[in-house]
Amino acid sequence: MAQHQQNLGMGLGPAAKLEEDGTEQGAARLDGSAGIDSEVRKSGHSLLRDPRHNKGLAFSEAERDAHYLRGLLPPVIASQELQEKKLMHNLRQYTVPLQRYIAMMDLQERNERLFYKLLIDNVEELLPVVYTPVVGEACQKFGSIYRRPQGLYISLKDKGKVLEVLKNWPERSIQVIVVTDGERILGLGDLGCQGMGIPVGKLSLYTALGGVRPSACLPITIDVGTNNETLLNDEYYIGLRQRRATGEEYHELLQEFMTAVKQNYGEKVLVQFEDFANHNAFDLLAKYSKSHLVFNDDIQGTASVVLAGLLASLKVVGGTLADHTYLFLGAGEAGTGIAELIALEMSKHTDTPVDDCRKKIWLVDSKGLLVESRKESLQHFKKPFAHEHEPMKTLLEAVQSIKPTVLIGTSGVGRTFTKEVIEAMASFNEKPVIFSLSNPTSHSECTAEEAYTWSKGTAVFASGSPFDPVEYEGKTYVPGQSNNAYVFPGFGLGVVISGAIRVHDDMLLAASEALAEQVSQENFDKGLIFPPFTNIRKISANIAAKVAAKAYDLGLASRLPRPDDLVKYAESCMYTPLYRSYR
Ligand code: NAD
C-alpha cells in the first residue's frame, strides 16, 4: 500500500514536505495560486479515477498531453470555479436532503479537492448536508445507500488481527482518527455498523474547517453488533448480525484496537471517540487519556464550545464565571462534560478547589435534581454534582429554589423550558442566560422565539440547532448556535501542528477562550455570542494556535522548535483544496 502512495507521486514536489512533517505546507503556499507544479505519476483512466488527483474537466491542454488524457475528456477546459458553480447549481436542484448528501459523497469519491472547495466556500449551506442533521438520516439508511466503502471497519471477527486490518488502510501517515461503535448515533440511538457516516462526516469537517489534510484522516467503525432490532432484521444491514458484545469481550477488542493504533501510527495520532453510549464513553476517555492522545467531542468538544459561549455571554451579562449559578436540565455526556469544564475554568481563575467550584453548578436528570441523598444510585459521572439540597422532582421547582443565572438544556427532550421556567428565570435575572442545546430542533428545550418572547427580550440565548432571527417588539435578535464544529477542527489542528502527545484539560480551556475572543462587538450588538461561521477557517487557525501554545507550555508538544507565530504557522499548515498543475 505504501507502493500505491509512491505511485501517486506523494513524495515529490510540494507534497514531499507533506510526507516529512505531516502537514501540508506545500499546499498551504498554494493558497490563491493554483498554478504550482506538482508531479503525478498516474495517467489516463487511472488518473481520472483517482479522487485525490482527478480534476475533471479542469485538466489543461499540456496536462492532457503529458498524462495521456486526450480523447478521454471532451474538448472543453473548465476552471475549478466553473465546476463549483455547476455543482452548487445541481445540488440546489435536489429537494430531498438525502439526495444532496449522496451527491456530496459521490463528489468526495470522484474529486476530493472539488468536494472540499465546495464545502469550504459554502460552509453554512453544506455543513448540515455532510453533517447534522442530514448525516443522521444517511446513517439510518446507510445499508440502502451504501455504494463504495468509506473508512475502516473493525469487527469482532477481526479480534487478534486488528493491527493487520489497520495496515490495509492505504495511507501511512495518519494524524486524526474518528472512531465510533455506533451505539448512540446523534439522538438516533444504536445504529450499529451504519454509524460509519459519523466518522466520515466529522473528518470531512476536520479537513474543511480545520485544514487537516484528507489523507491524514481515518474514519473507523468498530462493529460489536447492534441491539437495534430493525437493523438486525433488515436484509440490507451491513454490520454483524448479532446483539452487542459487552463487558470483557467489548473491552478486549477496544484494548486491541487502541494498542494497534499506537503501534501503527505512533504516539501523536489523535483518536476522537464519537457517539459512544454513556456507559462506555466516560470510561474509555478516562482509561485511554492516560496512555493515548484521545478526545471525546460529545463530552469535551461540547464542553469547550459551550464554555466559549458562556465566556462570551459574560461580556453581555457582566460578572465572572464564578459570580454565576448554573442549572442544567440533562446530566449526560454533554451536561456533565460542560459542567466539569465550567468548574475547571472557574477553579483556574479563582484559585479555588475544583470541588468547591462544582457547588455552583446544579443538574437535573430524568429523576429530578441531583442531590446528596441520591448519590448512591447515581452513575459515577453525575456524583460530583450531587449537592446538599432537598430533593426536587421538576425543573421549575429547581429553578425557583436555586435561582440560577444560567440555564442550560442538555436533556434531549423538547419543550421542557416552559413559559413558567423562562418567566421565572427572567423574574430574578436582568439578563438570564438560556442555552437550549438539544438537537434536532424538535428536541430543543425551547425555541429562540419562546426564549426571547417569554423573557421579554432579556434572554441571552444560544441553541444547539439553528434558529432564524426573531423580531420582538421592533428589535431583531439573532440566536447563536453552539455548534461543536466551532471547536473540534481547530482543536485537532492545534494538536497536530504541535505534535501533542496527550490532551490536557487546559488545552480545552484554551480553545474555549480562543473562540470567545473572536466574538466581535458587532456580533454582540446583534445578540450573537458566537462568531459567524463564514470565518471558520480563521477561527480554527486561532483556536489551533492557542491549543498548540498550551501544549508547548505544558511540555506536551513534540514538534520542535516551537514556531514564533503560531497563528501564522497554523494557517500555513492548513490544507487548501485548490487544484495543482501537474507536470
Ligand atoms: P445523553 O443521553 O448522554 O444525556 C441525556 C441526559 O438527559 C441524561 O442525563 C438523561 O437522564 C437526561 N434526561 C432525559 N430525559 C430527561 C427529562 N425529561 N428531564 C431531565 N433530564 C432528562 O445525551 P448527551 O450526549 O448529553 O446529549 C444531550 C443533548 O444535548 C442531545 O439532544 C444533543 O443533541 C445535545 N447536544 C448539543 C450539543 C451542542 O449544542 N453543541 C453538543 C452535544 C450534545
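Residues numbered from 1 in each chain as written. Predicted model: local features only at pLDDT ≥ 70, side-chain atom pairs only at ≥ 80, totals over all residues. Heavy atoms only, no water.

Enquirer: Can you walk me through the overall build of the protein chain in this structure?
Expert: On a plain count of helices and strands, the protein chain comes out with 27 helices and 16 strands. Relative to the 2.2 N^0.38 estimate, which gives 25 Å for 583 residues, the radius of gyration of the protein chain is 24 Å and therefore close to what a compact globule would have. Seen along its three principal axes, the alpha-carbon backbone of the protein chain occupies a region of about 80 × 55 × 50 Å. Nonlocal contacts in the protein chain, meaning residues at least 24 apart in sequence, comprise 72% of its contacts between residues at least 6 apart. Counting only carbon and sulfur atoms, one obtains 51% of the accessible surface of the protein chain, whose full area is about 22,900 Å². (Helix = DSSP H or I, 4+ residues; strand = E, 2+ residues; numbered from the N terminus. Rg over C-alpha atoms; globule rule 2.2 N^0.38 Å. Contact = heavy atoms within 4.5 Å. Areas by Shrake-Rupley, 256 points an atom, 1.4 Å probe, with all protein chains shown as cover.)

Enquirer: I tried to follow the site of the ligand on my own but got confused; where do I start?
Expert: As a matter of local geometry, the ligand sits amid 23 residues, with Arg184, Asn278, Ala334, Ser482 and Asn484 nearest to it. The side chain of Asn278 places a nitrogen or oxygen atom 2.9 Å from an oxygen atom of the ligand. In this structure, an oxygen atom belonging to the ligand sits 3.1 Å away from a main-chain N or O atom of Asn439. Protein contacts shield 78% of the accessible area of the ligand, which totals 860 Å² for the unbound molecule. Of the residues contributing to the shell around the ligand, the split by class is 6 nonpolar, 13 polar and 4 charged. (Near = heavy atom within 4 Å. Polar contact = N/O pair within 3.5 Å; in protein donor to acceptor, adjacent residues only side chain to side chain. Nonpolar A, V, L, I, M, F, W, Y, C, P; charged D, E, K, R; others polar.)

Enquirer: How should the nonpolar core be read in this particular structure?
Expert: Counting residues in each nonpolar core, the largest one holds 125 residues, and the members touching the most others are Tyr101, Tyr206, Ile342 and Phe491. Counting residues per element, this core draws most heavily on helix H26 (residues 536-553), at 11 residues. Those residues in contact with Phe491, other than ones at most four positions away along the chain, are Phe295, Val503, Met507, Leu508, Ala511, Ile543 and Val547. Counting residues in each nonpolar core, the second largest holds 36 residues, with Leu152, Val179, Met258 and Ile299 among its members. (Core = buried A, V, L, I, M, F, W, Y, C linked by side-chain atoms within 4.5 Å. Buried < 20%, exposed > 50% of the residue type's maximum accessible area, 1.4 Å probe, protein only.)

Enquirer: How should I be thinking about the packing of aromatic side chains in this particular structure?
Expert: Enumeration over the complete set of coordinates arrives at 12 aromatic pairs. Ring centres of Tyr452 and Tyr477 lie 4.7 Å apart, and the angle between their planes is 25°; on these two criteria the pair is classed as stacked. Remark: Tyr477 occurs in strand E14 (residues 475-477) and Tyr452 occurs in helix H22 (residues 448-454); sequence separation between them is 25 residues. Taken as a pair, Tyr452 and Tyr477 share a single burial class, namely buried. Measuring from ring centre to ring centre gives 4.5 Å for Tyr486 and Phe533, while their planes differ by 40°; the resulting arrangement is tilted. (Phe/Tyr/Trp six-rings, centres within 6.5 Å; stacked < 30°, edge-to-face > 60°.)

Enquirer: How should I be thinking about the sheet that holds strand E5 (residues 270-273) in this particular structure?
Expert: Hydrogen bonding along the main chain pairs the strands of a sheet, whether they run parallel or antiparallel. Here we have 5 strands laid out as an open sheet, ordered E2-E4-E3-E5-E6, and parallel in their pairing. The outermost strands of the open sheet, each flanked by one partner alone, are strand E2 (152-155) and strand E6 (294-296). Along the sheet, successive strands turn relative to each other by an average axial angle of 25°, direction set aside. Judged from the 5 bridges that link them, strand E3 (residues 176-180) and strand E4 (residues 217-223) form a sheet pairing that is parallel. Opposite Ile177, over in E4, you have Leu218 as the bridge partner. (Pairing = 2+ DSSP bridges. Axes fitted to C-alpha atoms, helices over the stretch in contact; angles between N-to-C directions.)

Enquirer: Just to check I follow, could you spell out the environment of Asp525 for this structure?
Expert: Summarising the element assignment, Asp525 is placed in helix H25 (residues 521-525). Spatially, the C-alpha atom of Asp525 lies 32 Å from that of Val134, the residues being 391 residues apart in sequence.

Enquirer: Can you help me understand the pairing of E4 in this one?
Expert: For a regular strand, side-chain orientation follows a simple rule: the groups alternate between the two sheet faces. Where burial is concerned, most of E4 is hidden: 7 out of the 7 residues are buried. Residue alternation in E4 divides its side chains into two sets, Cys217, Pro219, Thr221 and Asp223 and Leu218, Ile220 and Ile222, and both sets are buried. Both E2 and E4 contribute to a ladder of 4 bridges, which runs parallel. Looking across to E4, one finds that Tyr153 is bridged to Thr221. The parallel pair E3 and E4, bridged by helix H13 (residues 197-208), forms a crossover whose chirality is right-handed. (Right-handed = clockwise from strand over helix to strand, strands pointing away.)

Enquirer: Help me out: how do you make sense of the packing of helix H6 (residues 80-93) against helix H8 (residues 112-121) in this one?
Expert: Two quantities define a packed helix pair, namely the angle between the helix axes and the distance between the axes. Closest axis-to-axis distance for the H6/H8 pair is 10 Å, and the angle between their directions is 70°. The orientation of H6 with respect to H8, classified from their angle, is roughly perpendicular. Crossing hand, H6 versus H8: right-handed. On the side of H6, the interface is formed by Gln80, Glu81, Gln83, Glu84, Leu87, Met88 and Leu91, while H8 contributes Arg113, Leu114, Lys117, Leu118 and Asp121. Tallied by class, residues from the contact of H6 with H8 come to 5 nonpolar, 2 polar and 5 charged. (Parallel < 35°, antiparallel > 145°, perpendicular 65-115°, else oblique. Left-handed = near helix turned anticlockwise from the far one by under 90°.)

Enquirer: Please clarify how the side chain of Asp181 should be interpreted in this entry.
Expert: Along the polypeptide, Asp181 turns up in the loop between E3 and H13. Look at Asp181 and you get buried, because its relative accessible area is 0%. Residue contacts for Asp181: discarding those within four places in its chain leaves Gly192, Ile222, Arg244, Tyr250, Glu274, Asp275, Phe276 and Asn280.

Enquirer: So what exactly am I meant to see when it comes to helix H24 (residues 505-517) here?
Expert: Note: α-helices contain 3.6 residues per turn, so residues at a spacing of three or four share the same orientation. Between its first and last C-alpha atoms H24 spans 19 Å; for 13 residues at 1.5 Å apiece the expected length is 18 Å, and the two agree. The buried fraction of H24 is high, at 10 of 13 residues. Every buried residue of H24 is listed here: Asp506, Met507, Leu508, Leu509, Ala510, Ala511, Ser512, Ala514, Leu515 and Ala516. Buried residues in H24 make contact with E6, helix H17 (297-317), helix H18 (333-350), helix H23 (488-498) and H26. (Expected span 1.5 Å × (residues − 1).)

Enquirer: Would you mind showing me how to read the state of the cysteines here?
Expert: Covalent bonding between the sulfur atoms of two cysteines is what defines a disulfide. Tallying each qualifying case throughout the model produces 0 disulfides. With no disulfide of its own, Cys139 lies closest to Cys193 among cysteine sulfurs, the gap being 11 Å. Looking at Cys139, the relative accessible area reads 0%, which means it is buried. (Disulfide = S-S within 2.5 Å.)

Shape descriptors only; they carry no functional weight alone.
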